[in-house]
Every structure is written in structure tokens, then in C-alpha cells.
Amino acid sequence: MLINPNPIEEKTQPLSRRSFIKGAAGFAASAVASGSLIQPAAAQFGWRGELYYDASEDRYLGGDGIIEHHYPEMNPTGEKFTFVRLKYPGGTGRYRESDWWTNIVNYYYWQSDKKFAQVLAANTSIDVELREHPQYVDIDDAGLFAYPYLFMTGHRGIQLSKEQVWKLREYLERGGFLHVEDCDARLDRGRGGLRPYVHELMEQVYPEKQRETLDMSHPIYHTLYEHDEYMGGDKLIPGVCDADEAIMDGDRVMLYFCPSDLNCAWEGRPCSPGGEEQREWAFKQGMNVVAYALTR
């Protein structure tokens, strides 16, 4: 059963964030572990196909991957941070569904979200809920408001109803943080697979705001690890995916858009042009983003 907060009555209540931090001193970041933790060992066979819903277990299956539906009551005290993927509707052309599940069933080396959660737990003082499988929440779930941070990515498009757009704005205005990525900026001659839909989403949710390009001096690049150079996710293409964008509330990022695809680097795909140094940057920047989301 879902927890069902009333978004009208609770509109002014911000989401709790700091409860996920271990101890009163705040964050502690260690050097990202090298070796088996973030470096690929042996390639797996990538899976190409559709996703299947197992109603008896309330989870999605694809290839060797499983994605569990996460509910707020799975962490009843609310004291642990869960890395949660956002399931959203969409799809273009011959695809009737969005591929919101990208990199967690169609994997290259490992399930991206699960690996990142492990790295986050091992290298920061964030109290991370580690589960056997990656976790997701549907955009239509009432329990959406229980999560201070949501992640979404894909290739195929985003098509939200007016009610879903309103709900996403409500989520952001109550203090939620949305981290969005384009899984492949190279598609459509550099236009990107998801990027045009992300830009449209930004305009739908906040028509009165302009999306802003983030400068490397912004705190989101310095929360835990100091980043003065943009190295990107698994791909860095000058003029195509060499800078992040955001929707801001004053000087605070509410919606963070990364077109260079940190998630594919977390998944273990080859990183170009910087190789394993670029992958380490991608893991560190992901941790920077989560830390920023939980403290701003």
C-alpha cells in the first residue's frame, strides 16, 4: 500500500534531506576506490529487447536484470537514502514505451544504479540503503513525494500528461531534486536521444524560467570532490555534451541535466576520450550531485 500525502494540504512542507547524513559533522568523502569497485573486469553480453512486468512480484524483468518497485514503507524510518530511478511515460516512432530502465537491465558490465549506490555508500558518509536490485518509483505513485532525489534517463522521449507535469513541479517546489541525463547525445546528429525532450520538459514544468548552463565554479561540482574541469560521463563531445544545464530556484539547482551520461560510465561502458580517469570523474560527480541534492 502506498503512502498517499495530499499534495495540496502539504504543499508548503519541504522534503527532509539531512536525515540521510551519518553524524553531525556532515559529509566525509574518501578517495574513490580503484580496482574492482569501479573498473570493468570482464565484458558481459549486452541485452537488447523489451521490459516485462511481473505483477506477482511487482517488479520489472529484462535479460538478466531485475528492477524492484520501491515504496516509502520499505524504509519506514526514512533515515536511509535510496537511489531511486523515475519511471516515466514516453516513447517516439516505433517505440510505444519510454526506456526509463536504460542501463539497469540492458547492461554492459553491471547494473548502473546498483553499482553507483555501492560506490556512494563506500566513499561517503551518506547512509545509503543497499538493496539486491535497482529500485524505481513511478511518476504516478503518491509516494513520489517521500524521495528527496530522483534519477531519470533514456533515449526514446518523455511524454507527460498535464497532471504529471503539475506533479513534477509540485515535487520540485516542495524541495525535491531531479537528476536527468541523456543516455546518448550522439543520436540524431548530435541533437541527442533524450535532450530535446528534457528541454521541452523544463519548459513545461517551469515556463517562466530559462534553463541555465552551469559554470564549473558552481557548488554542485565541489560538494564532495573538487572538479574544475568538465570530463563528462562515458562521452565528452565538444559543442555537443560538454556542459551541464539546470533549472534554478535563485542560486539553488532544482533540476540538473547532464547530457554527457554519467550513468553509462557507472554501467561500465568505455569512456571517451578520457578512459578510466573519466569514469572516476563520473562516479565522483554523481556523488557530488547526490550530496548537493541532500544538503541544499
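Predicted model only: the values in this text are computed from it and were never measured.

A.B. asks: If you had to explain the overall build of the protein to someone new, which residues and values would you point to?
C.D. replies: Per the secondary structure count, the protein includes six helices and ten strands. Buried residues in the protein amount to 58% of all 296 residues. Taking contacts inside the protein between residues at least 6 apart in sequence as the whole, the part at least 24 apart equals 78%. As presented, the protein carries roughly 13,100 Å² of accessible surface, and 48% of it is formed by carbon and sulfur atoms.

A.B. asks: Before we move on, could you go through the pattern of salt bridges and cite the residues and values that matter?
C.D. replies: If you walk through the whole model with that rule in mind, you get 16 salt bridges. Each member of the salt-bridge network shares a partner with another, and the members are Glu68, Glu129 and Arg131.

A.B. asks: Outline the nonpolar core, listing residues and values.
C.D. replies: Ranked by internal contacts, the top residues of the largest apolar core, which has 38 residues, are Tyr149, Phe177 and Tyr256. For this core, the secondary-structure elements that each account for two or more residues are α1 (112–123), β6 (149–152), β9 (245–249), β10 (252–258), α5 (262–267) and α6 (275–295). Ranked by residues supplied to this core, first place goes to α6 with ten residues. In contact with tyrosine 149, other than residues within four places in its own chain, are Phe81, Phe83, Tyr171, Phe177, His179, Val289, Val290 and Ala293. Ile67, Ile104, Leu144 and Ile158 belong to the second-largest nonpolar core, a separate cluster that totals 36 residues.

A.B. asks: I'd like a rundown of helix α2 (residues 162–173), residues and numbers included.
C.D. replies: Residues spaced three or four apart along an α-helix face the same direction, because each turn holds 3.6 residues. Taking 1.5 Å of rise per residue, twelve residues should cover 16 Å, and α2 covers 16 Å from first to last C-alpha, within 8% of that figure. Here α2 has its buried residues at Gln164, Val165, Lys167, Leu168, Glu170, Tyr171 and Leu172. Those residues of α2 that are buried lie in contact with β6, β7 (177–181), α4 (195–205) and β10. The positive-phi residue at the C-terminal boundary of α2 is glycine 175, with phi of around 105 degrees.

A.B. asks: Explain the packing of α1 against α6 to me, and be specific about the residues and the numbers.
C.D. replies: It is at 10 Å that the axes of α1 and α6 come closest, and there the two elements cross at 75 degrees. Taken together, the axes of α1 and α6 lie roughly perpendicular to each other. From α1, Lys115, Phe116, Val119, Leu120 and Asn123 reach across to α6, where they touch Phe283, Gly286, Met287 and Val290. Residues of the contact of α1 with α6, tallied by class, amount to six nonpolar, two polar and one charged.

A.B. asks: So what's going on with the environment of leucine 160? Which residues, and what values?
C.D. replies: Tracing the sequence through the fold places leucine 160 in the loop between β6 and α2. Separated by 71 residues in the primary sequence, leucine 160 and proline 89 place their C-alpha atoms 6.3 Å from one another. Once residues within four sequence positions are removed from consideration, leucine 160 is found in contact with Tyr88, Pro89, Ile139, Val165, Leu168 and Leu201.

A.B. asks: With reference to specific residues and values, describe the packing of aromatic side chains.
C.D. replies: Per the stated rule, a full pass over the model turns up 16 aromatic pairs. Both rings, one in phenylalanine 83 and one in tryptophan 266, keep their centres 5.9 Å apart while their planes meet at 75 degrees; by these two values the pair is edge-to-face. Of this pair, phenylalanine 83 sits in the loop between β3 (65–69) and β4 (84–87) while tryptophan 266 sits in helix α5, and the two are 183 residues apart along the sequence. Tryptophan 266 shares its class with phenylalanine 83; the two are buried. A relative accessible area of 0% places tryptophan 266 in the buried class. Taken together, Phe81, Phe83, Phe116, Tyr149, Phe151, Phe177, Trp266 and Tyr292 form an aromatic cluster joined through their ring pairs. Just above the ring of tryptophan 110 sits the side chain of lysine 115; from NZ or CZ to the centre is 4.5 Å.

Cut-offs and rules
- Residues numbered from 1 in each chain as written.
- Predicted model: local features only at pLDDT ≥ 70, side-chain atom pairs only at ≥ 80, totals over all residues.
- Heavy atoms only, no water.
- Helix = DSSP H or I, 4+ residues; strand = E, 2+ residues; numbered from the N terminus.
- Buried < 20%, exposed > 50% of the residue type's maximum accessible area, 1.4 Å probe, protein only.
- Contact = heavy atoms within 4.5 Å.
- Areas by Shrake-Rupley, 256 points an atom, 1.4 Å probe, with all protein chains shown as cover.
- Salt bridge = Lys/Arg side-chain N within 4 Å of Asp/Glu carboxyl O.
- Core = buried A, V, L, I, M, F, W, Y, C linked by side-chain atoms within 4.5 Å.
- Expected span 1.5 Å × (residues − 1).
- Axes fitted to C-alpha atoms, helices over the stretch in contact; angles between N-to-C directions.
- Parallel < 35°, antiparallel > 145°, perpendicular 65-115°, else oblique.
- Nonpolar A, V, L, I, M, F, W, Y, C, P; charged D, E, K, R; others polar.
- Phe/Tyr/Trp six-rings, centres within 6.5 Å; stacked < 30°, edge-to-face > 60°.
- Lys NZ or Arg CZ within 6 Å of the ring centre and 35° of its normal.

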